Amino acid sequence: MAQKLIQTQTQQQVQQQRLSQQQMLQVKLLEMPLAELEQNISAELDDNPALEEKRDDDPLDTMPSSEDDTYDDSVSSDDDSFEEKSEREEREEALDNALEDLGSDDEMPEPTHGSSQANPDADYEETVWGDTTSFYDKLKEQMGETELTDQQQQIMEYLIGSLDGDGLLRKSLDDICDELAIYHGIDVPVKEIEKVLKILQTFDPAGIGARSLQECLLLQIARRPDSKLKRLMKEVISNHFDDFIKKHWDKIAQSMNLTPEQSNIIHEEIKKLNPKPGAALGETEGRSLQQITPDFIVDTDDDGNVSFTLNNGRIPDLRISPSFTEMVDTYRTNKQNMNRKEKEALLYAKEKVDKAQGYIEAVRQRRHTLYVTMKAIINWQKKFFQNGDEADLKPMILKDIAEKTGLDISTISRVSNMKYAQTRWGTFPLRFFFTDGYVTKDGEEMSTRKIKLALKDLIDHEDKHKPLSDDVLAQEMKKKGFPIARRTVAKYREQLGLPVARLRRS
């Protein structure tokens, strides 16, 4: 029997939840870090004539500073300073960290950062004030000063966009070749892309566009004036890189017939090289690299009392323009006696006033949400804020703070994204304070970050001639009070970027 396809139309009532325009505005402002919010408010002031800044001599205060701007569990402190290091010290430390964390390959690992007062393995970044011109724009400026064909300009722009935050190119040229062909319709051989990459590598700062740490250092050495020291530095990085990353300077000196004095001079000169050349352009992923404005200033006094304030930056107090308010009042009282043009003008004024009121409320709501979220985080992780020890961070997930504040998990996620807290121990992204928990067989919950710190400490202090296997590490961790399985040891070791025992042998 033949079957027929019959098309029918039915009516169905479905209940859907949609965000109102005001809710969408609140979500949008909540996601913004402080610097972006300042720009947004400035743009809104320009766009809406009914919205204006409150003057200091004006008694009208449509948007007062919230009492919740300051949180104090007992005594407030004025200590909100932080340390900054010289450029050379930063470069030397960055190079040392890169070499210490380098595994069996020569790719730069994801760096970890911290101030001199905190654990050096803390995953956060210090605040740096400087030029806010983007990494991308500065390289584009140099591209504009270079003679390139139209096709080369397109390739160059794509290469610049493919650079990692530290200025290195970790995509293979084959992948870039495929992406250019698929997404941009640019069908060129890999050799042409490599030719453009070589041009990019001539841009400032030296080392930009390198595909590995080794190439990055060689590019910087190549720009030095010709000398014996330059040739020796190049030989170390070109021919003895494996020994170099393991810091086996005795082997290098023996292979190159160097005196101890010569070896020390070469070592000191190489330490001046920058493993993250993007840092010189003011926008990379490591410490002293990003332009960060903290959203929270957290103070801890010598007695362990913790307080915090919201950083309002250059955000002005906002109010509704009195002239627009008068126009709206006039419309409400005399609309029956107005002609069409007068009504249109006053309806326009009412629309702008309503929009301004909604915007002021959204900014106020953002401030309140940030306050209650940070207060809950400090209460949960109070021990860390008192002593700055990363091992004291308790297991905490978004759901925990959502339950404490009564806010939705998605709201907590938006607050913690791209927001920073300046503390006595350094400046941290809010995500830093969230850490998963590991539940032992006995039901005890431990912070995974605390376990990783203990594991890293074990590996750092092992006998490098006889490094510990994952089985032995599991046994040693159990003795330290961390009863985790061997496979868990292997997983955490990989997350820390630490190689297996045979690759850690020196």
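Residues numbered from 1 in each chain as written. Predicted model: local features only at pLDDT ≥ 70, side-chain atom pairs only at ≥ 80, totals over all residues. Heavy atoms only, no water.

Observations regarding helix α20 (residues 486-495)
Here's step 1: Taken residue by residue, α20 has Thr488, Val489, Ala490, Tyr492 and Arg493 as its buried positions.
Here's step 2: One or two positions beyond α20, positive phi appears at glycine 497, with a value near 75°. (Buried < 20%, exposed > 50% of the residue type's maximum accessible area, 1.4 Å probe, protein only. Helix = DSSP H or I, 4+ residues; strand = E, 2+ residues; numbered from the N terminus.)

A closer look at the packing of helix α8 (residues 213-222) against helix α9 (residues 228-239)
Here's step 1: Between α8 and α9, the shortest axis-to-axis distance is 10 Å and the interhelical angle comes to 170°. Comparing their axes, α9 and α8 come out roughly antiparallel. On the side of α8, the interface is formed by Gln214, Leu217, Leu218, Ile221 and Ala222, while α9 contributes Lys230, Met233, Lys234, Ile237 and Ser238.
Here's step 2: Tallied by class, residues from the contact of α8 with α9 come to six nonpolar, two polar and two charged. (Axes fitted to C-alpha atoms, helices over the stretch in contact; angles between N-to-C directions. Parallel < 35°, antiparallel > 145°, perpendicular 65-115°, else oblique. Contact = heavy atoms within 4.5 Å. Nonpolar A, V, L, I, M, F, W, Y, C, P; charged D, E, K, R; others polar.)

Brief notes about the nonpolar core
Here's step 1: Counting residues in hydrophobic clusters, the biggest one holds 29 residues, and the most contacted among them are Met374, Phe385 and Phe433.
Here's step 2: Mapped onto this core, the elements with two or more residues apiece are β3 (296-300), β4 (306-310), α14 (340-380), α15 (382-387), α16 (398-405) and α17 (409-416).
Here's step 3: The biggest single contributor to this core is α14, with seven residues.
Here's step 4: Leaving out residues up to four positions away in the same chain, phenylalanine 433 has contacts with Ile377, Gln381, Phe384, Phe385, Leu393, Met396, Ala421 and Phe428.
Here's step 5: Residues Leu139, Met156, Ile186 and Phe203 belong to the second largest nonpolar core, which totals 22 residues. (Core = buried A, V, L, I, M, F, W, Y, C linked by side-chain atoms within 4.5 Å.)

A word on the pattern of salt bridges
Here's step 1: Throughout the structure, instances matching the rule amount to 22 salt bridges.
Here's step 2: Note that aspartate 295 and arginine 366 form a salt bridge whose closest N and O atoms lie 3.9 Å from each other. Of this pair, aspartate 295 sits in the loop between α12 (260-271) and β3 while arginine 366 is found in helix α14, placing the two residues 71 residues apart along the sequence. The pair formed by aspartate 295 and arginine 366 is uniform in burial state, with each residue classed as buried. (Salt bridge = Lys/Arg side-chain N within 4 Å of Asp/Glu carboxyl O.)

Looking at the pairing of strand β7 (residues 426-429)
Two faces make up the sheet, and in a regular strand the side chains alternate between them.
Here's step 1: Pairing of strand β6 (residues 420-423) with β7 involves four bridges; the strand directions are antiparallel. Within the sheet, the bridge partner assigned to glutamine 422 lies in β7 and is threonine 427. (Pairing = 2+ DSSP bridges.)

Brief notes about the environment of serine 307
Here's step 1: Assignment of secondary structure puts serine 307 in strand β4.
Here's step 2: On the accessibility criterion, serine 307 (1% relative accessible area) is buried.
Here's step 3: Separated by 68 residues in the primary sequence, serine 307 and lysine 375 place their C-alpha atoms 9.1 Å from one another.

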